[in-house]
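# A closer look at the structure
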Amino acid sequence: MRILVTGGAGYIGGHAVKALGKAGHEICVFDNLSTGHEWAVLSGKLVKGDLEDRAAIEKVLEEFKPDAVMHFAAFIQVEESVREPLKYYRNNVANTLNLLEAMRERGVGNFIYSSTAAVYGIPEHIPVRETAPLLPINPYGMTKVMIERVLADLAAATDFRYVALRYFNVAGADSGGQLGQAYKEATHLITRALKTAHGEFPKLFIYGTDYPTPDGTCIRDYIHVDDLADAHVKALDHLVGTGRSEVMNCGYGSGYSVKEVVETAKRVTGIDFPVEETGRRAGDPPALVADSSKLMQTTGWKPKYNDLEYIIKTAWEWEKKVRGTRR
Ligand code: UDP
């Protein structure tokens with residue numbers, strides 16, 4: 001199939017592009033390279049463009065004529081979304097509407113959407129199922145709820161079909177060593193811990209030790225980025241094969257606390273990097289763990305890298321490589 005991938009030069013998008021290419025799909029990446037990189041596009045071609053620019057989206061749809069669109073391009077930092085909500089609503093909501101309108105205009109009706117566990121806010125039951133109430137506690141999560149609602153309404157009104165994948169905490173790097181996280185400002189826990197191990201930051205802060213969890217730090221479900229990329233390939237097959245819209249969690253169903261992640265990172269790197277416990281970070285729910293049985297049953301997806309140590313190992317290999325080449 002011909003797949004247009006927005007944000008395909010980014011961390012998750014780049015891994016998905018590689019997996020889609022391996023599965024035999026033809027790819028066109030549409031990316032403004034604000035956080036992505038040309039080198040991350042390992043399959044197909046790259047069109048540099050912005051989702052603010054409706055004419056540019058229509059042009060790429062007209063020229064590439066995709067069978068489906070995968071939409072990764074978005075801002076993703078919870079804490080920043082609390083400080084700068086308009087930036088998030090503009091990019092994650094308004095620019096996604098541009099894309100959806102252009103797709104309607106050009107008759108493209110299959111859509112895979114990057115959603116998030118942040119839609120659940122503070123879930124009452126862990127592991128959380130897709131049917132749990134959507135009560136986000138930060139603007140980032142709300143932008144994703146808003147677009148999920150738009151997608152449901154659009155699918156009810158037209159022949160548009162979609163799969164929204166609610167990612168839990170995506171981490172690790174390409175098992176083949178070609179891809180990994182390369183944001184200018186690393187804020188995610190595992191990347192931050194590894195960069196601290198490398199000496200790029202003087203210490204790692206643990207944000208909050210008074211949460212209602214066994215060791216007081218937040219619990220997250222870390223999913224390897226290659227498993228997530230594979231979930232996209234399978235979600236696409238499901239969507240095109242059945243024409244049925246779905247919303248599905250992507251995680252492993254096992255949670256680790258911030259302290260457990262830090263201990264594992266120290267073990268994997270063999271470096272006892274400095275850590276300081278500090279206050280809570282705005283917008284963080286205490287625990288997020290996925291029930292992904294729907295994804296497994298619906299698409300046949302199976303986790304391959306369900307191992308925190310392996311996840312951190314691949315990320316560490318990538319960090320060492322990036323540092324070596326000064327990317
Ligand atoms: N975290 C931390 N120190 C850091 C970065 C993150 O203690 O330098 C914590 C953060 O407060 C949260 C968890 O690690 O409880 C996961 O945060 P991350 O930013 O990796 O992902 P999020 O869950 O926000 O998507």
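Residues numbered from 1 in each chain as written. Predicted model: local features only at pLDDT ≥ 70, side-chain atom pairs only at ≥ 80, totals over all residues. Heavy atoms only, no water.

### Digging into helix H7 (residues 225-242)
- Relative to the 26 Å expected for 18 residues at 1.5 Å per residue, H7 spans 26 Å between its end C-alpha atoms, a close match to the ideal helical length.
- Extensive coverage of H7 is indicated by the burial of 13 of its 18 residues.
- Positioned one or two residues after H7, Gly-243 has a phi angle of 70°, which is positive. (Helix = DSSP H or I, 4+ residues; strand = E, 2+ residues; numbered from the N terminus. Expected span 1.5 Å × (residues − 1). Buried < 20%, exposed > 50% of the residue type's maximum accessible area, 1.4 Å probe, protein only.)

### Points about the site of the ligand
- Lining the immediate surroundings of the ligand are 15 residues, of which Leu-189, Phe-205, Arg-220, Arg-281 and Asp-284 lie closest.
- Here an oxygen atom of the ligand and a side-chain polar atom of Asn-169 are 2.9 Å apart.
- Between the ligand and Leu-189, the relevant distance is 2.8 Å, taken from an oxygen atom to a main-chain nitrogen or oxygen of the residue.
- Notes on the ligand: free accessible area 520 Å², of which the protein chains cover 92%.
- Take the shell around the ligand: its biggest share by element is 4 residues, from strand E8 (residues 204-207). (Near = heavy atom within 4 Å. Polar contact = N/O pair within 3.5 Å; in protein donor to acceptor, adjacent residues only side chain to side chain. Areas by Shrake-Rupley, 256 points an atom, 1.4 Å probe, with all protein chains shown as cover.)

### Points about the layout of surface pockets
- The computed volume of the second largest pocket comes to approximately 260 Å³.
- Lining the second largest pocket are 15 residues, with Ala-19, Lys-22, Asp-226, Ala-229 and Tyr-305 sitting closest to its centre.
- Top contributing element to the lining of the second largest pocket by residue count: H7, with 5 residues. (1 Å grid on protein atoms, 1.4 Å probe; cavity = no way out; pocket = protein on both sides within 12 Å on 5 of 7 lines; lining within 4 Å. Points joined across faces, edges and corners; volume = space filled by probe spheres on them.)

### Quick word on the sheet that holds strand E3 (residues 45-48)
- Ordered by their spatial adjacency, 7 strands build an open sheet running E3-E2-E1-E4-E5-E6-E11, and the pairing between neighbours is parallel. Looking at which strands have only one partner, the edges of the open sheet turn out to be E3 and strand E11 (246-250). When strand polarity is set aside, the average angle formed by the axes of neighbouring strands in this sheet is 20°.
- Bridge analysis of strand E2 (residues 26-31) against E3 gives 4 bridges, and the strand direction is parallel. Counted as the bridge partner of Cys-28 is Lys-45 from E3. (Pairing = 2+ DSSP bridges. Axes fitted to C-alpha atoms, helices over the stretch in contact; angles between N-to-C directions.)

### Overview of the sheet that holds strand E14 (residues 287-288)
- Judged by pairing direction, the sheet is mixed, and its 3 strands sit side by side in the order E12-E9-E14 without closing on themselves. Both edges of this open sheet fall to strand E12 (256-257) and E14, since each of them pairs with a single strand only.
- Bridge analysis of strand E9 (residues 219-220) against E12 gives 2 bridges, and the strand direction is antiparallel. Across the sheet, the residue bridging to Ile-219 is Ser-257, located in E12.

### Observations concerning the pattern of salt bridges
- Within this structure, the stated rule accounts for 28 salt bridges.
- As a salt-bridge pair, Asp-174 and Lys-18 come within 3.0 Å of each other at their nearest N and O atoms. Residue Asp-174 is located in the loop between strand E7 (169-171) and helix H6 (189-197), and its partner Lys-18 is located in helix H1 (residues 11-22); the two are separated by 156 residues in the primary sequence.
- Its relative accessible area of 7% is what places Asp-174 among the buried residues.
- The class of Lys-18 is buried, set by a relative accessible area of 15%.
- For Lys-259, the salt bridge identified is with Glu-277, shortest N-O distance 3.4 Å. With Lys-259 in helix H8 (residues 258-269) and Glu-277 in strand E13 (residues 275-278), this residue pair connects regions lying 18 residues apart in the sequence.
- Overall, the relative accessible area of 26% leaves Lys-259 in the partly exposed class.
- By relative accessible area, Glu-277 is classed as partly exposed at 46%.
- Each member of the salt-bridge network shares a partner with another, and the members are Arg-54, Glu-58, Glu-62, Lys-65, Glu-101, Glu-105 and Arg-106. (Salt bridge = Lys/Arg side-chain N within 4 Å of Asp/Glu carboxyl O.)

### What to know about the environment of Ile-190
- Within the fold, Ile-190 resides in helix H6.
- Of the residues examined, Ile-190 reaches a relative accessible area of 6% and is grouped as buried.
- The spatial distance from the C-alpha of Ile-190 to the C-alpha of Ile-312 is 7.0 Å, given a sequence separation of 122 residues.
- The contacts of Ile-190, once residues within four sequence positions are left out, are Ala-171, Tyr-222, Val-261, Leu-308, Ile-311, Ile-312 and Ala-315. (Contact = heavy atoms within 4.5 Å.)

### What about the side chain of Thr-96?
- Within the secondary structure, Thr-96 is located in helix H4 (residues 85-106).
- Here His-71 takes part through its side chain, which lies 2.8 Å from a polar atom of the side chain of Thr-96.
- Apart from the residues within four sequence positions on either side, Thr-96 is in contact with His-71, Asn-91 and Ile-147.

### What about the nonpolar core?
- Within the largest apolar cluster, 55 residues are counted, with the highest numbers of intra-cluster contacts made by Val-5, Leu-165 and Ile-190.
- Looking at which element gives the most residues to this core, the answer is H7, with 7 residues.
- Other than its neighbours up to four places away in sequence, Val-5 contacts Val-17, Leu-20, Ile-27, Cys-28, Val-29, Phe-30, Met-70 and Phe-72.
- Core analysis: the next-biggest nonpolar cluster, separate from the first, contains 26 residues, Leu-4, Leu-51, Ala-102 and Leu-151 among them. (Core = buried A, V, L, I, M, F, W, Y, C linked by side-chain atoms within 4.5 Å.)

### Side note on the environment of Gly-208
- Along the chain, Gly-208 falls in the loop between E8 and E9.
- In the structure, Gly-208 is positioned 80 residues away from Val-128 in sequence and 22 Å away in space, judged by C-alpha atoms.

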